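Topology and contacts: notes
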Amino acid sequence: MARGDHIYVERLGGVYAHHGIDTGDGCVIHYTGKNWRDPRKVQRTTVEDFAQGGEILIKDYDDFFAALKSPDVYRKKTSYQINRILNRLQGIDLDQLDPSPDAVIDRAEARIGERAFSIIFHNCEHFSSWCKTGISNSEQVNAVWKATMTTPEFARHRAENLLLNVFEPKWPGRR
(Lines give C-alpha, C1' and ligand atoms only; values in the text may rest on other atoms or scores of the structure.)
Protein backbone atom coordinates (compact mmCIF):
# COMPACT_ATOMS: atom_id res chain seq x y z
CA MET A 1 0.00 0.00 0.00
CA ALA A 2 1.39 3.36 -1.01
CA ARG A 3 0.50 7.04 -0.88
CA GLY A 4 -2.21 7.84 -3.44
CA ASP A 5 -3.38 4.24 -3.88
CA HIS A 6 -7.05 3.47 -4.40
CA ILE A 7 -7.66 0.89 -1.70
CA TYR A 8 -10.67 -1.17 -0.75
CA VAL A 9 -11.92 -3.64 1.84
CA GLU A 10 -14.49 -6.34 1.22
CA ARG A 11 -17.43 -6.18 3.61
CA LEU A 12 -20.20 -8.61 4.58
CA GLY A 13 -18.22 -11.57 3.31
CA GLY A 14 -17.56 -10.01 -0.09
CA VAL A 15 -21.11 -8.80 -0.76
CA TYR A 16 -19.70 -5.34 -1.39
CA ALA A 17 -16.43 -3.44 -1.05
CA HIS A 18 -15.70 -0.12 0.63
CA HIS A 19 -13.22 2.16 -1.18
CA GLY A 20 -10.91 5.02 -0.27
CA ILE A 21 -7.63 6.80 -1.05
CA ASP A 22 -4.53 6.00 1.02
CA THR A 23 -2.85 9.22 2.15
CA GLY A 24 0.39 7.46 3.07
CA ASP A 25 0.37 8.69 6.67
CA GLY A 26 -1.83 6.04 8.27
CA CYS A 27 -5.04 7.67 7.08
CA VAL A 28 -7.60 7.14 4.32
CA ILE A 29 -9.91 9.65 2.65
CA HIS A 30 -13.30 8.10 1.87
CA TYR A 31 -17.06 8.46 2.12
CA THR A 32 -18.12 7.35 5.58
CA GLY A 33 -20.57 7.92 8.39
CA LYS A 34 -21.03 6.71 11.97
CA ASN A 35 -23.86 4.34 11.01
CA TRP A 36 -26.32 3.70 8.17
CA ARG A 37 -28.58 6.54 9.30
CA ASP A 38 -25.76 9.09 9.52
CA PRO A 39 -25.36 11.06 6.27
CA ARG A 40 -22.19 9.95 4.50
CA LYS A 41 -19.51 12.52 3.84
CA VAL A 42 -15.94 12.50 2.60
CA GLN A 43 -13.68 12.27 5.63
CA ARG A 44 -10.13 11.46 6.63
CA THR A 45 -10.01 8.52 9.04
CA THR A 46 -7.38 6.10 10.26
CA VAL A 47 -6.55 3.04 8.19
CA GLU A 48 -7.85 0.92 11.09
CA ASP A 49 -11.23 2.68 11.05
CA PHE A 50 -11.41 2.26 7.28
CA ALA A 51 -10.48 -1.44 7.32
CA GLN A 52 -12.65 -2.45 10.30
CA GLY A 53 -10.53 -5.58 10.65
CA GLY A 54 -10.72 -6.53 6.97
CA GLU A 55 -7.86 -7.09 4.57
CA ILE A 56 -6.92 -3.96 2.63
CA LEU A 57 -6.60 -4.55 -1.10
CA ILE A 58 -5.18 -2.22 -3.77
CA LYS A 59 -7.04 -1.43 -6.99
CA ASP A 60 -4.73 -1.87 -9.96
CA TYR A 61 -4.88 0.89 -12.57
CA ASP A 62 -1.91 -0.17 -14.74
CA ASP A 63 -4.16 -1.44 -17.56
CA PHE A 64 -6.35 1.66 -17.37
CA PHE A 65 -3.46 4.11 -17.73
CA ALA A 66 -1.85 1.99 -20.47
CA ALA A 67 -5.18 1.91 -22.35
CA LEU A 68 -5.53 5.69 -22.11
CA LYS A 69 -2.37 5.97 -24.19
CA SER A 70 -3.82 3.60 -26.81
CA PRO A 71 -6.61 5.31 -28.77
CA ASP A 72 -7.81 2.05 -30.31
CA VAL A 73 -8.53 0.25 -27.06
CA TYR A 74 -10.24 2.19 -24.28
CA ARG A 75 -11.17 5.43 -25.98
CA LYS A 76 -13.68 3.72 -28.27
CA LYS A 77 -15.81 2.49 -25.36
CA THR A 78 -19.06 4.39 -25.02
CA SER A 79 -18.73 4.77 -21.25
CA TYR A 80 -15.31 6.39 -21.70
CA GLN A 81 -16.64 8.77 -24.36
CA ILE A 82 -19.61 9.80 -22.19
CA ASN A 83 -17.39 10.32 -19.13
CA ARG A 84 -14.93 12.30 -21.25
CA ILE A 85 -17.72 14.68 -22.34
CA LEU A 86 -18.95 15.06 -18.75
CA ASN A 87 -15.40 15.67 -17.53
CA ARG A 88 -14.81 18.34 -20.16
CA LEU A 89 -18.00 20.08 -19.05
CA GLN A 90 -16.49 20.10 -15.55
CA GLY A 91 -13.19 21.44 -16.87
CA ILE A 92 -11.31 18.13 -16.58
CA ASP A 93 -9.19 16.91 -19.49
CA LEU A 94 -8.03 13.32 -19.02
CA ASP A 95 -5.13 13.91 -21.39
CA GLN A 96 -3.85 16.49 -18.90
CA LEU A 97 -4.74 14.52 -15.75
CA ASP A 98 -1.88 14.24 -13.28
CA PRO A 99 -1.89 10.66 -11.93
CA SER A 100 0.87 11.31 -9.38
CA PRO A 101 0.18 10.38 -5.72
CA ASP A 102 0.28 14.05 -4.69
CA ALA A 103 -2.33 14.99 -7.31
CA VAL A 104 -4.57 12.04 -6.34
CA ILE A 105 -4.46 13.11 -2.69
CA ASP A 106 -5.02 16.77 -3.63
CA ARG A 107 -8.19 15.75 -5.49
CA ALA A 108 -9.35 13.67 -2.51
CA GLU A 109 -8.57 16.40 0.04
CA ALA A 110 -10.42 18.99 -2.06
CA ARG A 111 -13.62 17.00 -1.48
CA ILE A 112 -13.31 16.50 2.30
CA GLY A 113 -16.62 17.45 3.88
CA GLU A 114 -18.62 16.76 0.72
CA ARG A 115 -22.07 15.27 1.45
CA ALA A 116 -23.17 14.16 -2.03
CA PHE A 117 -23.26 10.42 -1.31
CA SER A 118 -25.58 8.27 -3.40
CA ILE A 119 -25.20 4.51 -3.32
CA ILE A 120 -26.02 4.28 -7.04
CA PHE A 121 -24.62 7.47 -8.55
CA HIS A 122 -21.97 8.81 -6.18
CA ASN A 123 -20.59 6.26 -3.72
CA CYS A 124 -17.17 5.60 -2.20
CA GLU A 125 -16.00 3.71 -5.29
CA HIS A 126 -17.11 6.54 -7.62
CA PHE A 127 -15.19 8.96 -5.39
CA SER A 128 -12.01 6.86 -5.24
CA SER A 129 -11.91 6.10 -8.97
CA TRP A 130 -12.45 9.81 -9.74
CA CYS A 131 -9.57 10.78 -7.46
CA LYS A 132 -7.31 8.24 -9.15
CA THR A 133 -8.40 8.54 -12.82
CA GLY A 134 -10.63 11.57 -13.27
CA ILE A 135 -13.50 9.22 -14.18
CA SER A 136 -16.25 8.62 -11.63
CA ASN A 137 -16.92 4.89 -11.90
CA SER A 138 -18.25 2.06 -9.74
CA GLU A 139 -17.68 -1.47 -10.99
CA GLN A 140 -20.00 -2.70 -8.24
CA VAL A 141 -22.90 -0.57 -9.46
CA ASN A 142 -22.10 -1.42 -13.10
CA ALA A 143 -22.24 -5.14 -12.26
CA VAL A 144 -25.65 -4.75 -10.61
CA TRP A 145 -27.00 -2.76 -13.58
CA LYS A 146 -25.62 -5.31 -16.03
CA ALA A 147 -27.11 -8.23 -14.12
CA THR A 148 -30.45 -6.44 -13.87
CA MET A 149 -30.59 -5.38 -17.49
CA THR A 150 -29.59 -8.76 -18.93
CA THR A 151 -32.01 -11.01 -17.09
CA PRO A 152 -34.56 -12.85 -19.22
CA GLU A 153 -37.36 -11.13 -17.26
CA PHE A 154 -36.00 -7.68 -18.11
CA ALA A 155 -35.65 -8.63 -21.80
CA ARG A 156 -39.24 -9.92 -21.83
CA HIS A 157 -40.49 -6.74 -20.16
CA ARG A 158 -38.64 -4.49 -22.65
CA ALA A 159 -39.92 -6.52 -25.62
CA GLU A 160 -43.49 -6.31 -24.28
CA ASN A 161 -43.25 -2.55 -23.86
CA LEU A 162 -41.80 -2.12 -27.32
CA LEU A 163 -44.58 -4.16 -28.91
CA LEU A 164 -47.24 -2.31 -26.93
CA ASN A 165 -45.85 1.04 -28.01
CA VAL A 166 -45.69 -0.06 -31.65
CA PHE A 167 -49.08 -1.80 -31.90
CA GLU A 168 -51.04 0.06 -29.25
CA PRO A 169 -49.80 3.65 -29.34
CA LYS A 170 -51.04 6.01 -26.67
CA TRP A 171 -53.97 7.86 -28.10
CA PRO A 172 -55.17 11.13 -26.61
CA GLY A 173 -57.19 10.44 -23.49
CA ARG A 174 -55.81 6.89 -23.08
CA ARG A 175 -53.30 6.01 -20.41
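Scroll up a little and you will see the structure.
My aim in this report is to walk through the structure given alongside it, one point at a time. Remember, predicted model here, so these are calculated numbers, not experimental data.

Parameters at a glance
Residues numbered from 1 in each chain as written. Predicted model: local features only at pLDDT ≥ 70, side-chain atom pairs only at ≥ 80, totals over all residues. Heavy atoms only, no water. Patch = residues over 30% accessible without salt bridge, like charges linked within 9 Å, V, L, I, M, F, W, Y side chains within 5 Å. Areas by Shrake-Rupley, 256 points an atom, 1.4 Å probe, with all protein chains shown as cover. Salt bridge = Lys/Arg side-chain N within 4 Å of Asp/Glu carboxyl O. Helix = DSSP H or I, 4+ residues; strand = E, 2+ residues; numbered from the N terminus. Buried < 20%, exposed > 50% of the residue type's maximum accessible area, 1.4 Å probe, protein only. Pairing = 2+ DSSP bridges. Axes fitted to C-alpha atoms, helices over the stretch in contact; angles between N-to-C directions. Contact = heavy atoms within 4.5 Å.

This brings us to a nonpolar patch on the surface. A grouping of Ile119, Ile120, Phe121, Trp145 and Met149 is seen on the molecular surface, where their side chains present a nonpolar patch of about 520 Å² in accessible area. Its place among the elements puts Ile120 in the loop between helix H4 (101–110) and helix H5 (124–133). Using a relative accessible area of 36% as the deciding quantity, one classes Ile120 as partly exposed.

Take the pairing of strand E1 (residues 6–11) next. Pairing of E1 with strand E2 (residues 16–22), which is carried by six bridges, proceeds in the antiparallel orientation. Pairing of Tyr8 across the sheet is with His19, part of E2. Pairing of E1 with strand E5 (residues 56–58) involves three bridges; the strand directions are antiparallel. Across the sheet, the residue bridging to Val9 is Ile56, located in E5.

What follows is about the sheet that holds E2. Taken in spatial order, the five strands of this open sheet run E4-E3-E2-E1-E5, and their pairing is antiparallel. A single partner strand is all that each edge strand has here, and the edge strands are strand E4 (41–46) and E5. Geometrically, the sheet is characterised by an average inter-axis angle of 40 degrees between neighbouring strands, direction not taken into account. Contacts from H5 reach E1, E2, strand E3 (27–32) and E4, with the element oriented near 35 degrees to E2.

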